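Structural characterization, general
Chain by chain, the residues run as shown.
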Amino acid sequence: MSRTALIVIDMINSYDHPDAEALVPSVRSALPGVRTLLDRAREEGVPDIYVNDNFGRWRSHHDEILRNVLSGPHADLVEPVRPGPESMFVVKARHSIFYQTPLEYLLQQEGVDRVVLCGQVTEQCVLYSALDAHIRRLRVGVPEDAVAHIHPDLAEAALRMMERNMGAEICTAGQVRLR
């Protein structure tokens with residue numbers, strides 16, 4: 001039996017980094033798509049898993065990370081996509097959602113063989129995560145209206161690479177299959 005998980009990448013963010021000025025407008029554009037995916041996943045019983053940077057705070061947990069960003073100047077970018085009570089949360093330190101995280105084990109325990117990736121940044125974390133998912137023989141979907149970028153040209157190239165080289169389903173948040 002096939003099972004999909006929605007993976008929300010790095011949306012719990014303080015936007016206190018050098019690329020934030022270029023990223024924030026794209027995040028604003030991607031928020032409705034991410035919200036659509038979260039609503040659909042929760043209605044359809046599809047697990048939603050947040051995989052997020054910990055900003056170098058190795059003693060923190062997801063509630064603390066969320067509390068810190070919600071008290072910052074860009075809370076309006078986080079509040080609409082905050083984790084729900086059933087959401088799972090995995091902390092990462094590098095670009096790929098799989099690199100030295102327990103995500104692969106979690107997906108196996110949940111019987112997941114397909115991931116839908118949303119969040120940020122298309123040409124970085126989303127791309128590397130899609131490749132690592134493909135290498136692990138997971139099927140991949142990437143709704144292009146639910147991912148944010150820093151560089152539009154690189155994001156477009158990344159989406160083409162995911163589709164061509166990894167067989168990723170590139171569509172919209174309203175069209176992507178969750179079941």
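Residues numbered from 1 in each chain as written. Predicted model: local features only at pLDDT ≥ 70, side-chain atom pairs only at ≥ 80, totals over all residues. Heavy atoms only, no water.

Counting its secondary structure elements, the protein contains 6 helices and 7 strands. Beginning at the N terminus, the succession of helices and strands in the protein can be written as β-α-β-α-α-β-α-β-α-β-β-α-β. Whereas a compact globule of 179 residues would reach a radius of gyration of roughly 16 Å, the protein reaches 15 Å, a difference of no more than 12%. If one aligns the C-alpha atoms of the protein with their principal axes, the spans along those axes are about 40 × 35 × 30 Å. Buried residues in the protein amount to 51% of all 179 residues. For the protein, contacts bridging at least 24 residues in sequence account for 81% of all contacts bridging at least 6. Accessible area for the protein stands at about 8900 Å²; split by element, carbon and sulfur atoms hold 49% of it. (Helix = DSSP H or I, 4+ residues; strand = E, 2+ residues; numbered from the N terminus. Rg over C-alpha atoms; globule rule 2.2 N^0.38 Å. Buried < 20%, exposed > 50% of the residue type's maximum accessible area, 1.4 Å probe, protein only. Contact = heavy atoms within 4.5 Å. Areas by Shrake-Rupley, 256 points an atom, 1.4 Å probe, with all protein chains shown as cover.)

The subject of this paragraph is the environment of Val-140. Topologically, Val-140 is positioned in strand S5 (residues 139-143). On a C-alpha basis, the gap between Val-140 and Glu-163 in space is 9.1 Å, while along the polypeptide they are 23 residues apart. In this structure Val-140 touches Val-115, Leu-117, Ala-130, Ala-133, His-134, Gly-167, Ala-168 and Glu-169, once residues within four positions along its chain are discounted.

With 14 residues, helix H5 (residues 122-135) ought to run about 20 Å at 1.5 Å a step, and its terminal C-alpha atoms sit 18 Å apart, in line with that. Among the residues of H5, those classed as buried are Thr-122, Glu-123, Cys-125, Val-126, Leu-127, Ser-129, Ala-130, Asp-132 and Ala-133. Check the buried side of H5 and you find it contacts strand S1 (4-9), strand S3 (88-92), strand S4 (114-120), S5, strand S6 (147-148) and helix H6 (152-166). (Expected span 1.5 Å × (residues − 1).)

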